[in-house]
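Single-letter residue listing:
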Amino acid sequence: MRILLLSDIHANLEALEACLDTAPAYDMVVNLGDVVGYGASPNQVIERSRKLGQIFVRGNHDRAVAGLTDLKDFNPIAGIAALWTREQLTPENMEWLQALPHGPLEIVELPDAQLVHGSPLDEDEYVVTLQDAVEPLLFSSVHLTLFGHTHLQGAFSAEGARGDTTRPQYKTVGRSETMEFRLKPSVRYLINPGSVGQPRDGDWRAAFALFDTETQILTFCRTPYNLKAAQDRILAADLPHRLATRLAAGR
Ligand SMILES: [Fe+2]
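The rules behind each value
Residues numbered from 1 in each chain as written. Predicted model: local features only at pLDDT ≥ 70, side-chain atom pairs only at ≥ 80, totals over all residues. Heavy atoms only, no water. Helix = DSSP H or I, 4+ residues; strand = E, 2+ residues; numbered from the N terminus. Rg over C-alpha atoms; globule rule 2.2 N^0.38 Å. Areas by Shrake-Rupley, 256 points an atom, 1.4 Å probe, with all protein chains shown as cover. Lys, Arg positive; Asp, Glu negative; His and termini not counted. Charge placed at Lys NZ, Arg CZ, Asp CG, Glu CD. Buried < 20%, exposed > 50% of the residue type's maximum accessible area, 1.4 Å probe, protein only. Pairing = 2+ DSSP bridges. Salt bridge = Lys/Arg side-chain N within 4 Å of Asp/Glu carboxyl O. Polar contact = N/O pair within 3.5 Å; in protein donor to acceptor, adjacent residues only side chain to side chain. Contact = heavy atoms within 4.5 Å. Phe/Tyr/Trp six-rings, centres within 6.5 Å; stacked < 30°, edge-to-face > 60°. Lys NZ or Arg CZ within 6 Å of the ring centre and 35° of its normal. Donors = N, O, S within 2.8 Å, 3.2 Å for Na, K, Ca; no water. Tetrahedral: all angles 85-135°; square planar, octahedral: opposite > 155°, others 65-115°.

S.K.: A description of the overall build of the protein chain should follow, citing residues and the corresponding values.
M.R.: Scanning the protein chain for helices and strands turns up eight helices and 11 strands. The globule rule puts the C-alpha radius of gyration for 251 residues at 18 Å, and the 17 Å found for the protein chain is close to it. By principal-axis analysis of the C-alpha atoms, the protein chain measures approximately 50 × 40 × 30 Å. When the accessible area of the protein chain is evaluated, it comes to approximately 10,900 Å², of which 51% is carbon and sulfur surface. Placing the 23 positive and 32 negative side-chain charges of the protein chain at their respective mean positions leaves the two points 6 Å apart.

S.K.: Which residues make up the pairing of strand β10 (residues 206-212), and what are the values?
M.R.: The buried fraction of β10 amounts to seven of the seven residues, a majority that puts the element mostly inside the structure. The alternating pattern of β10 places A206, F208, L210 and D212 and A207, A209 and F211 on opposite faces, both of which are buried. Inspection of the sheet shows strand β1 (residues 2-6) paired to β10 by four bridges, in the antiparallel sense. Opposite L4, over in β10, you have L210 as the bridge partner. Adjacent in sequence and paired antiparallel, β10 and strand β11 (residues 217-223) are bridged by four residues, among which Q216 carries a positive phi angle near 60°.

S.K.: Account for the side chain of D8, with residues named and values stated.
M.R.: Here D8 lies in the loop between β1 and α1 (13-22). Despite its burial, D8 pairs with no opposite charge; the closest candidate is R200, at 6.8 Å N-O. Within the structure, D8 has its side chain in polar contact with the side chain of H151 (distance 2.9 Å). The residues touching D8, leaving out its near neighbours within four places in the chain, are G33, D34, H117, G148, H149, H151, S195, V196, G197 and Q198.

S.K.: Please provide a residue-by-residue account of the packing of aromatic side chains, values included.
M.R.: According to the stated counting rule, one finds five aromatic pairs in the structure shown. With a centroid separation of 4.9 Å and an interplanar angle of 85°, the aromatic rings of F56 and W96 are classed as edge-to-face. A residue pair is termed long-range when its members are at least 10 positions apart, and F56 in strand β3 (residues 55-56) and W96 in helix α5 (residues 91-98) qualify at 40 residues. Residue F56 is classed as buried on the basis of its relative accessible area of 6%. Geometrically, the ring pair formed by W204 and Y225 is tilted, given 5.7 Å between the ring centres and 40° between the ring planes. With W204 in the loop between β9 (188-192) and β10 and Y225 in the loop between β11 and α7 (227-236), this residue pair connects regions lying 21 residues apart in the sequence. Side by side, W204 and Y225 carry an identical accessibility label, which is buried. In this structure, R205 packs its charged tip against the face of Y170, placed 5.4 Å from the ring centre. Between R246 and the ring centre of Y38, over which it is positioned, the NZ or CZ distance is 5.9 Å.

S.K.: If you had to explain the pattern of salt bridges to someone new, which residues and values would you point to?
M.R.: A complete count under the given rule lists 12 salt bridges for this structure. The partner of E14 in a salt bridge is R233, and the shortest N-O contact between them spans 2.7 Å. Separated by 219 residues along the polypeptide, E14 in helix α1 and R233 in helix α7 bring together distant segments of the chain. Note on E14: relative accessible area 14%, which makes it buried. Note on R233: relative accessible area 31%, which makes it partly exposed. When the shortest N-O distance is used, the salt bridge between E92 and R50 registers 3.4 Å. Highlighted residues: E92 in helix α5 and R50 in helix α2 (residues 42-52), separated in sequence by 42 residues. Judged by relative accessible area, E92 falls into the exposed class, the value being 53%. On the accessibility criterion, R50 (29% relative accessible area) is partly exposed. What emerges from the salt-bridge pattern is a single network uniting E177, D201, D203, R205 and R222.

S.K.: Go over the coordination of the iron ion with me, naming the residues and quoting the values.
M.R.: Within the first shell, the iron ion binds the protein through D8 (OD), H10 (NE2), D34 (OD) and H151 (NE2), at distances of 2.1 to 2.3 Å. Coordination at the iron ion comes from four donor atoms whose angles at the metal span 83 to 178°, giving a geometry best classed as irregular. In primary sequence terms, the donor set of the iron ion follows D-x1-H-x23-D-x116-H. Of this pair, D34 sits in the loop between β2 (28-31) and α2 while H151 sits in the loop between β5 (144-146) and β6 (154-159), and the two are 117 residues apart along the sequence. The exposure class of D34 is buried, given its relative accessible area of 1%.

Dropping the structure here:
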């Protein structure tokens, strides 16, 4: 089974399409949340994502747009984008967003694994450093935890008491590239495929990953997309300019 891992699309249709165009062959799609928020194509991205598969965990932006959490915990720019998104969504897409399940989620296609947005201990927690990863790695009963939320592509692992961090290193800044990461049976992992629609690791390219359950190889992927079109939509929607400019910086 080859599973395409998508997270933090954030209503960026151009980035999503580029990922799907360049993705290696896959059998199913798993989505780790924040389908909407920030970007200017919420309805299109929800509809495209729903056609790709049924496996979703909700993100904090999904929850905020759906009216399930207070916007006071959001920074002003994220809050403006969430309110704008609420106004845009069709009733059907809003209903779908409100019904998304929270993690951790387990699926039959991926045994000994769990899907979360933030951390298995708290769906809103940011797992940025190895230190942040220690507790979820030690307290998880599964081999593999797939997460999103930080918009940082990479892996944390624990073998006994030894922890490690892997951040994919790429050769270019503008081409499609991949990096293979082989999972070992005796090691526990927390892996983030990165953000499709708003990367924050200094690399503007859309991020995603593919996991092959047979070979146990996880392939990190980056692909360029039509950045200008995504930015133009944000500006045309009168969303804060920062949401357009930050896409170019990958921050
Ligand atoms: Fe996000």
